[in-house]
Amino acid sequence: MTDATFDCIIAGAGHAGSEAACALARLGLSVLVITSNLDRLGYLSCNPAIGGLAKGHMVREIDALGGMMGLWADAAGIQFRTLNASKGPAVRATRAQMDRDCYQRVVKDTLFSLAGLRLWQDSVEELTTSDNAVTGVITKLGCRFQAKHVLLTTGTFLEGMIHVGLKHFSAGRMGDAAAHGLSASLAAHGLKLGRLKTGTTPRLLRSSIDFSKLEEQKGDTPLPQFSFQGPRPPLRQVSCHITWTNARAHEIIKTGFDRSPLFTGVIQGTGARYCPSIEDKVARFPHHERHHVFLEPEGLHSQEIYANGISTSLPLDIQQAMIHSIQGLEQAVMLRPGYAIEYDFCDPTQLGPTLECKSLPGLWMAGQINGTSGYEEAAAQGLWAALNIAAVHKELAPFTPRRDQAYMAVLVDDLVTLGTNEPYRMFTSRAEHRLLLREDNADARLSPEGRRLGLLSDQAWENFQRRQEQKATLHACLEREHIGVHEGYEEYKGQNVRDALRRSDMTMQKLGEILALQKNSRAAQLVHELPEDILFSVQTDIKYAGYLAREQQLVERSRHLAESLLPADLDYRLVPGLTLEVIEKLSHIRPLNLAQASRISGITPAALNCLEIHLHKKRRTRQTPSS
């Protein structure tokens, strides 16, 4: 296989690489995936869970485009829950515990079944270039592979270093070798690299835990699911359990501060502010008497329990003592220690909005190499890059939805515009139009784009169209019907059904009960027959119609900034009124339009005004005929 040529080479087969590989192969490109261990395809390196706040939204978006993560998660999920079910629809999200082995199996089955996709166990050490564009890679085994596109999805492997107490060693994650050489190659091509840190928790032996002392946390019934297309989750559902740290545990943790790589300066990389280790929590929040510990099964047949909430890099003796001080874990046996890992990443402001490197065409990056944290963020970037690689290959318009169209657009725009100095994690609060970006309408927002680019299958497109027709039919029926006189429901007498549903005390289910009392009510029939997610989506459209209209007005109001394009060759030194700092930032990031420029740190309204005036003058100059 040495010297073979492909349309795209992908380095890494985690969540970004697997998602990208599937998309590109299904779109007809020849793809080579190079990974250091074929046994780890799609491996859940840390928490055996998919989804969560904002993350579940992105899984739904991936599915709406025709991607795979939602289908894989539904196939391997062993506990599904809707988070924030009592809150507004914008912040509700699906989360599911995975059977780690099952998830990996369904990913591997998919990858090995795709025509046009080749897999090779090796490690990329060097990029090859010609005329300042990528032409391929050289691997650790000395293989040379050629391609017009190279996508790096290296996760935590670039010069990875694991820390447990004051002991540290080279690794990409526990049990896997780090990737050496590629960082130096990227630096040699002028790319700016940084260093980040993340961590994981101890794994415990299930049979050594006293579950009678713990709070049980069951999943939801009926089961929510991620995919708009796939079958219902097939696996048996199980419970998780909750316990808490305590004063004794915190005192034990403090005794290890002098041997903590986090506090002794051994770790240089920046950790995630929003996902701190337990020692960081104890140090930063001394007034907190306890912290949650979620005990999550790693699979239906696994004896390992993931202790979510006590991520740590403390010495082994401190980890063990801390665990034994927690209720229910007094006799717990630790199977794998918690640890921190440092790794290299590339400054994502060096990428364009398609995730292609601005200074080295043909080089693309997705996942933790761009400074993000999380499976869902990685998969979203992998799909984003893949769709844009395919768009270049097929000479189609790029895939670059706006921030009001997708969470993944917020993610990519934040990265390439603002950059990051800590592992970036997606939150609903990062999206200024989150009421427009709900889980229930992800298909309406993105499935047409998936179809345009050729990734959404005929069957998936038919399913999407049927769902849209069902929503439209229900909307029309609710608009036409009125509530009659019914005992116990006199206060709704004569109201238009749609108006009644806007009331705070009315739900679609209650409305269905009232309408069932009326003869020949088409709306009652639809409420009884249509799927729960269709009913919820229509209910949200109606109850939040005023808010949605205002959100849309804000989007329209700011759209002129997005339509004010900034020339790629604009010399910002020639724009009157800009400070040297602003000129430097604009010249480095090269925003596509005024909207993107407005989100760059330090770009003031005055600077935007200068840019707008400059663009206006340039347009007038072009429009004025020469004398």
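Located above this text is the structure these notes cover.
Just so we're clear, the structure is a prediction, and the values are computed from it rather than from any experiment. (Residues numbered from 1 in each chain as written. Predicted model: local features only at pLDDT ≥ 70, side-chain atom pairs only at ≥ 80, totals over all residues. Heavy atoms only, no water.)

Novice: Outline the packing of helix H6 (residues 247-255) against helix H8 (residues 316-324), listing residues and values.
Specialist: One way to put it is that H6 packs onto H8 with a least axis distance of 9 Å and a crossing angle of 175 degrees. Looking at the two axes, H6 sits roughly antiparallel to H8. Contacts between H6 and H8 pair Arg 248, Ala 249, Ile 252, Ile 253 and Thr 255 from the former with Ile 318, Ala 321, Met 322 and His 324 from the latter. (Axes fitted to C-alpha atoms, helices over the stretch in contact; angles between N-to-C directions. Helix = DSSP H or I, 4+ residues; strand = E, 2+ residues; numbered from the N terminus. Parallel < 35°, antiparallel > 145°, perpendicular 65-115°, else oblique. Contact = heavy atoms within 4.5 Å.)

Novice: Requested: an account of the layout of surface pockets, with residues and values cited.
Specialist: Quantified by volume, the second largest pocket comes out at close to 970 Å³. Residue lining of the second largest pocket: 32 residues in total, with Thr 82, Pro 224, Glu 532, Asp 533 and Phe 536 positioned closest to the centre. Elements supplying a minimum of two residues to the lining of the second largest pocket: strand S5 (93-98), helix H14 (508-515) and helix H16 (532-543). Of the residues forming the lining of the second largest pocket, the biggest block, seven residues, is contributed by H16. Class assignment for the residues of the lining of the second largest pocket results in 13 nonpolar, 10 polar and nine charged. (1 Å grid on protein atoms, 1.4 Å probe; cavity = no way out; pocket = protein on both sides within 12 Å on 5 of 7 lines; lining within 4 Å. Points joined across faces, edges and corners; volume = space filled by probe spheres on them. Nonpolar A, V, L, I, M, F, W, Y, C, P; charged D, E, K, R; others polar.)

Novice: Can you lay out the sheet that holds strand S12 (residues 193-200) for me, pointing to particular residues and giving the numbers?
Specialist: If you walk across this open sheet you meet the four strands as S11-S10-S19-S12, and the pairing is antiparallel. Looking at strand neighbours, the two that pair on one side only are strand S11 (167-170) and S12, the edges of this open sheet. For this sheet, the mean angle separating the axes of adjacent strands, direction not counted, is 25 degrees. In this sheet, strand S19 (residues 339-346) lies alongside strand S10 (residues 161-164) in antiparallel orientation, the contact comprising three bridges. The residue of S19 that forms the bridge with His 163 is Ala 340. (Pairing = 2+ DSSP bridges.)

Novice: Help me get a handle on helix H1 (residues 15-26), residues and values and all.
Specialist: Compared with the 16 Å implied by 1.5 Å per residue over 12 residues, the 17 Å span of H1 between its first and last C-alpha is a close match. The buried fraction of H1 amounts to 11 of the 12 residues, a majority that puts the element mostly inside the structure. Buried within H1 we find His 15, Ala 16, Gly 17, Ser 18, Glu 19, Ala 20, Ala 21, Cys 22, Ala 23, Leu 24 and Ala 25. Once H1 ends, the next one or two residues include Gly 28, with phi positive near 95 degrees. (Expected span 1.5 Å × (residues − 1). Buried < 20%, exposed > 50% of the residue type's maximum accessible area, 1.4 Å probe, protein only.)

Novice: Before we move on, can you summarise the pattern of salt bridges with the specific residues and values?
Specialist: Under the criterion given, the structure shown has 32 salt bridges. Across the pair Arg 259 and Asp 317 runs a salt bridge, and its minimum N-O distance is 2.9 Å. Residue Arg 259 is found in the loop between H6 and helix H7 (278-284), and its partner Asp 317 is found in helix H8; the two are separated by 58 residues along the sequence. Overall, the relative accessible area of 30% leaves Arg 259 in the partly exposed class. One connected set of salt bridges, linked through shared partners, spans Arg 403, Asp 413, Asp 414, Glu 432 and Arg 599. (Salt bridge = Lys/Arg side-chain N within 4 Å of Asp/Glu carboxyl O.)

Novice: Now, about the environment of Gly 67: what can you tell me, with residues and values included?
Specialist: Secondary-structure assignment places Gly 67 in the loop between helix H2 (55-65) and helix H3 (69-76). By relative accessible area, Gly 67 is classed as buried at 3%. Distance from Gly 67 to Gln 350, taken between C-alpha atoms, is 26 Å for residues 283 residues apart in sequence. Every residue in contact with Gly 67, bar those within four places of it in the chain, is listed here: Glu 19, Arg 26, Ile 62, Leu 383 and Leu 455.

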